[in-house]
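# Structure at a glance
Below are the chains, spelled out letter by letter.
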Amino acid sequence: MARRFTATYTNKTIEPEFESKLFLYYCKYCGTYAVVLSRNLRIIPKRRTDSSYAVKPNIILKSNLVVGGVKVVKRMGSFERQYRYSCKGCSLWVGYKSVPFEEQGEFFYLIPDGLCQRQELSKDLAQTNMEELKAQLEALLIQFPEGIVTPNLRPLFKKQFQMDLNELNYGAYNKLIDLLQSPELKDIVKLVDSPEDGPDVSLIVSPNHFKTRTSSHTETETKASSSSSSSTTTKTQKTEDDEIMKPKKTEES
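Not measured: the values here are computed from a predicted model.

Right, let's get into the overall build of the chain. Helix and strand counts for the chain come out as five helices and twelve strands. Within the span of the chain, comprising 253 residues, buried residues form 32% of the whole. Across the chain, every contact between residues at least 6 apart in sequence was considered, and the portion connecting residues at least 24 apart equals 47%. On the chain, roughly 17,900 Å² of surface is accessible, and the fraction owed to carbon and sulfur atoms is 50%.

Listed below in structure tokens is the structure:
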């Protein structure tokens, strides 16, 4: 007689098996959000003809791409009609289908080097963003010459420029402090300890302003020293004059 048994499954048992992860991809040319996939592009097979990623429609969870037009391209011994999709930000095409836009098709093709994850922003884009950040920080420090405490930088940045300050836009920095201490910003910002605001808070000031304050303080000390020296010299000179005059009085008498 066959033995019967009942298998009991709990949420804890099946959760790891069905655990999902989202993969966000951005346009490599302008950084605009493009698609959300349930698989990493690195494990998705490529098409032999042009090395595009052959993505199944059910893997695409969300798309921010826009219709970009139809293009006929020459293949070996034939022609292929591509129904292209473009980046919403810069209008450069990053993917296509082999069937009309209204049809789903078996695959959605994403061109190689068209998309990237935020941690993989191209060097040119990260550098462009950094140049913009330098100008923005310089403008802020002109408005607030006495400095900005680090907790206030994000809301102030959002208010002034209507955009979030995201470290990943500038070369995958993990923390705001790391970004502010990057070599590219050394001529724009300087971090100074701010004990009155807490141990984890720093004051962001302009190096030029910091130098100006130091120079001004030094100049004041120099003037004070010079004035004191001048006064001492005058007193010494008067004493010497008195000593010179005294013998004359003695001789006349």
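Let's pick the thread back up.
Below, the discussion takes up the nonpolar core. By size, the foremost hydrophobic cluster in this structure holds 19 residues, and its most contacted members are L133, L137, L153, L165, Y170 and L179. If you list the elements that add at least two residues to this core, you get α2 (123-143), α3 (150-161) and α4 (176-180). Top element by residues in this core is α2. It accounts for five residues. Judged by nonpolar contacts, the second largest core, of 16 residues, contains F23, I59, Y85 and V94.

Before going further, it helps to spend a moment on the sheet that holds strand β12 (residues 202-205). Pairing within the open sheet is antiparallel, and its three strands lie in the order β10-β12-β11. At either end of the open sheet lies a strand with only one pairing partner, and these are β10 (148-149) and β11 (190-193). Where β10 lies against β12, two bridges are found, and the strand directions are antiparallel. The residue bridging I148 from the neighbouring strand is I204, located in β12.

Turning our attention to the sheet that holds strand β2 (residues 33-37). Reading across the sheet, the four strands line up as β4-β2-β1-β9 and stay open at both edges, with antiparallel pairing between neighbours. Each edge of the open sheet carries a strand with a single partner, namely β4 (60-63) and β9 (115-116). Pairing geometry for strand β1 (residues 23-27) and β9, over two bridges, is antiparallel. Following the sheet pairing, Y26 is matched in β9 by C116.

Looking now at the side chain of S202. Residue placement: S202 occurs in strand β12. The exposure class assigned to S202 is buried, which follows from its relative accessible area of 14%.

For the structure shown, the criterion picks out five salt bridges. Across the pair R75 and D50 runs a salt bridge whose closest N-O atoms are separated by 3.3 Å. Placement of the pair is R75 in strand β5 (residues 66-75) and D50 in the loop between β2 and β3 (53-55), with a sequence separation of 25 residues. Taking the relative accessible area as the measure of exposure, D50 reaches 22% and is therefore partly exposed. For E80, the salt bridge is made with R75, and the minimal N-O distance between the two is 3.2 Å. There is no split in this pair, since E80 and R75 are both buried.

Right, let's get into the confidence of the model for the chain. For residues with low pLDDT, the predicted coordinates do not support detailed interpretation. Confidence along the chain averages 76 in pLDDT terms, with 70% of residues attaining 70 or more. Mean pLDDT across the secondary structure elements of the chain bottoms out at helix α1 (residues 11-14), with 36, and peaks at strand β8 (residues 108-110), with 96. Within the model, pLDDT remains below 50 along residues 5-20, and this stretch shows one contact once partners closer than five positions in the same chain are excluded. Scored below 50 in pLDDT, residues 233-253 shows zero contacts in the model against residues more than four places distant or in partner chains.

The next subject is a nonpolar patch on the surface. On the surface, L22, L24 and L61 cluster together into a nonpolar patch covering about 270 Å² of accessible area. Inspection of the secondary structure puts L61 in strand β4. Taking relative accessible area as the criterion, L61 reaches 47% and is therefore assigned partly exposed.

Conventions adopted
Residues numbered from 1 in each chain as written. Predicted model: local features only at pLDDT ≥ 70, side-chain atom pairs only at ≥ 80, totals over all residues. Heavy atoms only, no water. Helix = DSSP H or I, 4+ residues; strand = E, 2+ residues; numbered from the N terminus. Buried < 20%, exposed > 50% of the residue type's maximum accessible area, 1.4 Å probe, protein only. Contact = heavy atoms within 4.5 Å. Areas by Shrake-Rupley, 256 points an atom, 1.4 Å probe, with all protein chains shown as cover. Core = buried A, V, L, I, M, F, W, Y, C linked by side-chain atoms within 4.5 Å. Pairing = 2+ DSSP bridges. Salt bridge = Lys/Arg side-chain N within 4 Å of Asp/Glu carboxyl O. pLDDT = per-residue confidence, 0-100. Patch = residues over 30% accessible without salt bridge, like charges linked within 9 Å, V, L, I, M, F, W, Y side chains within 5 Å.

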